[in-house]
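# Structural overview
Take a look at the letters that make up each chain.
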Amino acid sequence: MDLRKRTWASISLANIAHNYRIIRSRLPEGCKFLGVVKADAYGHGAVRVSRLLEELGADYLAVSCLDEAVELRDAGVKLPILILGHTPAEFVSELIRLDLTQTVTCEAKAVEYSREAGRLGQTLRIHIKVDTGMSRLGFLCAGSYFDQGVANIASACGMPHLDPEGIYTHFAVSDETGEAAERFTRGQFDLFTRVTGALRERGITFRLRHCANSAAVIRYPETCLDMVRPGILLYGFGDGGSLGVRPCMNLMTHVSTIKYIDTGLPVSYGGEYVTDRRTRMGVIPIGYADGLLRSLSGKCSFITEHGPAPQRGRICMDMCMIDLTDLPGVDLESLIEIFGEHQSAETLAGLAGTIPNELLCSVSKRVPRVYAED
Ligand SMILES: *Cc1c(COP(=O)(O)O)cnc(C)c1O
C-alpha cells in the first residue's frame, strides 16, 4: 500500500494471461510463441511478465539489448531470449555464458561474432535478420540485392562458431489498412519466402523462421511460420476490438492538494491557461518525469469516480493541475485514472498524436508497478 501513495501503474497479470491465451489459440498447430518483452515489457515490468509467460508455456522471449536480457537472466528467467538489436562483439562471451541468442544483421558482424566465439572455443547461437522492406536492420535482399544478400547470409551461416538457429524479418506496415499496405506486406513476405527458399537450395535450413508481429498475427495468419513475435497485442492493444484482448495497465494517481483560485489567474508555467471562473483546482502528483507526455498539456481529462476532470495549464515535471469545480464529490486523496479501464491509453495517445505503445513505455522507472494477480 505504501507504494500507492503517489502515482502507480496497476498491472493485471490475469489480463496478460488472457491475451496470451487468445493469441495462442489463433496460431497454427506447432507454431511457437515468442513474447516481446523489450522496453521493460512495454512498461509492464519485464521480469514479472517474463516469469508469467514462462509459466504459461511461451517458447521464447525477445528484448532489445544485452542489458535487458541480463536483467531477465539475473531474475532467473530460463526461456531462450533473442536480442533484437546490436550487441558489440566484445560481449560475445557474455552472450554465450547467459545462453542468449543474438540477431545477426550483416556479414561483417557475423565475421566478428564467429571470430570472437572461436577465440573462446565456443559457439554463439544466432538468428539471421533479413531486411525485406523495413530499411532498418538486416541483410539487404530486395531487388538487385537478392543474389548478394542470399550469398552473404549463406556465408554467415557457414561460419564455424555460429549456430544459425533462426531467420526472421520485420513488417513495416502490417498494422495499416488499404491495398497499398497489403501489397507491401505481401511483398515483404514473398521476398522472405524467396530468400529462405534460395538458402534451402544451397542446403541451408533453419529451425525457426519468423516474421509476424502483433498486426500480422491478426491480419496475415499465413505469415506465422514456425514462430510469431507479438508485443503490443500481449499488452492489450492493436486488435481493433476483433480478438477481445484486454489492456493490462491502469496508470493511477490521487488528488494531493485542492485550492480555490480566483477568476483571471494564470495556471502553471508560462501562464498559458487563465481561469475563466473561480476554480476549484486539484494538484495531482504526476508529471512528464513519470511519463505523462507534456504535449498533452491542456488537451486531456483524467478520470475521477464522478467523471472526467479537465487538465489545466502546462504539465510540469512532477505534477499537474486538474479542474474540479464541477466535481465537488472529488476530494483530497480521491483516485485519479490517467489511463486504463475508463480512459483507454489509445484515446489518450490519440490526443497526444501518438500510439499507446509510446504511452505505455513512457511510464518511468519512478512509477512503481503494482501487480494484481486477478
Ligand atoms: C517490437 C518488435 C516486435 C513486436 O511488435 P508489435 O507490433 O508490438 O507486436 C516484433 N519484432 C520485432 C523485430 C520488434 O522490434
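What this report covers is the structure whose coordinates are included nearby. This structure is a prediction, so every number in the text was calculated from the model and none was measured. (Residues numbered from 1 in each chain as written. Predicted model: local features only at pLDDT ≥ 70, side-chain atom pairs only at ≥ 80, totals over all residues. Heavy atoms only, no water.)

## Here's the deal with the overall build of the chain
Looking only at helices and strands, the chain features eleven helices and 20 strands. Taken across its 374 residues, the chain has 55% of its residues classed as buried. Considering only residue pairs separated by 6 or more positions, the chain has 67% of its internal contacts joining residues 24 or more positions apart. Split by element, the accessible area of the chain, about 16400 Å² in all, is 50% carbon and sulfur. (Helix = DSSP H or I, 4+ residues; strand = E, 2+ residues; numbered from the N terminus. Buried < 20%, exposed > 50% of the residue type's maximum accessible area, 1.4 Å probe, protein only. Contact = heavy atoms within 4.5 Å. Areas by Shrake-Rupley, 256 points an atom, 1.4 Å probe, with all protein chains shown as cover.)

## Observations concerning the nonpolar core
Ile128, Phe302, Ile338 and Phe339 are the most contacted members of the largest nonpolar core, which totals 116 residues. Mapped onto the domain boundaries, this core takes at least three residues apiece from domain 1 (27-235) and domain 2 (249-372). For Phe339, the residues in contact, after removing those within four places along its chain, are Met249, Asn250, Leu251, Ser344, Ala345, Leu348, Leu359, Leu360 and Val363. Ile261, Met281, Val283 and Met321 belong to the second largest nonpolar core, which has six residues in total. (Core = buried A, V, L, I, M, F, W, Y, C linked by side-chain atoms within 4.5 Å. Domains from an automatic or database assignment.)

## Details of helix α8 (residues 179-201)
Compared with an ideal rise of 1.5 Å per residue, which puts 23 residues at 33 Å, α8 spans 32 Å between its outermost C-alpha atoms and is within 8% of the ideal. Listed as buried for α8 are Ala181, Thr185, Gln188, Phe189, Leu191, Phe192, Val195, Thr196, Gly197, Ala198 and Leu199. Each element contacted by the buried residues of α8 is listed here: β6 (124-131), α7 (146-157), β8 (162-169) and β9 (208-210). Phi turns positive, to about 85°, at Gly203, one or two residues after α8. (Expected span 1.5 Å × (residues − 1).)

## A look at unusual backbone geometry
Unusually for a residue other than glycine, Leu225 sits at a positive phi of about 45°. When you line up the elements, Leu225 lands in the loop between α9 (214-219) and β10 (227-228). Residue classification places Leu225 among the partly exposed positions, given a relative accessible area of 25%.

## Points about the pattern of salt bridges
Here the structure, examined in full by the defined rule, presents 18 salt bridges. Of the charged contacts in the structure, one is a salt bridge between Arg97 and Glu94, with a shortest N-O distance of 3.6 Å. Of this pair, Arg97 and Glu94 both sit in helix α5 (residues 92-97), three residues apart, roughly one helical turn. In this structure, Asp99 and Arg125 form a salt bridge, with 3.1 Å as the shortest nitrogen-oxygen distance. Here Asp99, found in the loop between α5 and β5 (100-104), pairs with Arg125, found in strand β6; they are 26 residues apart in sequence, far enough to count as distant. Given a relative accessible area of 42%, Asp99 falls into the partly exposed group. Beyond isolated ion pairs, a larger network of salt bridges with shared partners links Arg6, Asp290, Asp318 and Arg366. (Salt bridge = Lys/Arg side-chain N within 4 Å of Asp/Glu carboxyl O.)

## So, the site of the ligand
Every residue lining the ligand is accounted for by Val36, Lys38, Tyr42, Leu84, Arg136, His170, Asn213, Ser214, Arg229, Pro230, Gly231 and Ile232. Contact distances for the ligand include 3.4 Å between a nitrogen atom and a side-chain N or O atom of His170. Within the contact set of the ligand, an oxygen atom lies 2.9 Å away from a backbone nitrogen or oxygen of Gly231. Protein contact buries 88% of the 390 Å² of open area that the ligand shows by itself. Placement of the ligand is best described as lying within the largest pocket. Of the residues contributing to the shell around the ligand, the split by class is five nonpolar, four polar and three charged. (Near = heavy atom within 4 Å. Polar contact = N/O pair within 3.5 Å; in protein donor to acceptor, adjacent residues only side chain to side chain. 1 Å grid on protein atoms, 1.4 Å probe; cavity = no way out; pocket = protein on both sides within 12 Å on 5 of 7 lines; lining within 4 Å. Sits in = over half its atoms within 2 Å of the grid points. Nonpolar A, V, L, I, M, F, W, Y, C, P; charged D, E, K, R; others polar.)

## Focus on empty space enclosed by the protein
Where empty space is left can be seen by rolling a probe of water-molecule size over the atoms. If you walk through the whole model with that rule in mind, you get two cavities of 30 Å³ or more. By volume, the largest cavity is sized at about 40 Å³. Taken together, Phe237, Pro247, Met249, Phe339, Gly340, Ser344, Ala345 and Leu360 form the lining of the largest cavity. For the lining of the largest cavity, the class distribution of residues is six nonpolar, two polar and no charged. The volume enclosed by the second largest cavity comes to roughly 30 Å³. (Points joined across faces, edges and corners; volume = space filled by probe spheres on them.)

## Side note on the state of the cysteines
Any covalent bond linking the sulfur atoms of two cysteines counts as a disulfide. This model, assessed by the stated rule, comprises zero disulfides. Distance from the sulfur of Cys31, which forms no disulfide, to the nearest cysteine sulfur (Cys224) is 5.1 Å. Cysteine Cys106 is unpaired, with the sulfur of Cys141 as its nearest cysteine sulfur at 12 Å. (Disulfide = S-S within 2.5 Å.)

## A few points about the packing of aromatic side chains
Considering all chains together, one arrives at two aromatic pairs under this definition. Across the ring face of Tyr371, the terminal group of Arg48 is positioned such that the distance to the ring centre comes to 4.5 Å. (Phe/Tyr/Trp six-rings, centres within 6.5 Å; stacked < 30°, edge-to-face > 60°. Lys NZ or Arg CZ within 6 Å of the ring centre and 35° of its normal.)

## Describing α7
Taking 1.5 Å of rise per residue, twelve residues should cover 16 Å, and α7 covers 16 Å from first to last C-alpha, within 8% of that figure. When we look at burial in α7, the residues that qualify are Phe146, Gly149, Val150, Ile153, Ala154, Ala156 and Cys157. What you see down the axis of α7 is that its buried residues fit within an arc of 160°, all on one side. On its buried side, α7 packs onto α6 (107-119), β6, β7 (139-140), β8 and α8. (Arc of directions from axis to C-beta.)

## Here we look at the side chain of Asn19
Topologically, Asn19 is positioned in helix α1 (residues 13-26). Leave out the neighbours within four places in its chain, and Asn19 touches Leu233, Leu234, Tyr235, Gly236, Val245, Arg246 and Cys248.

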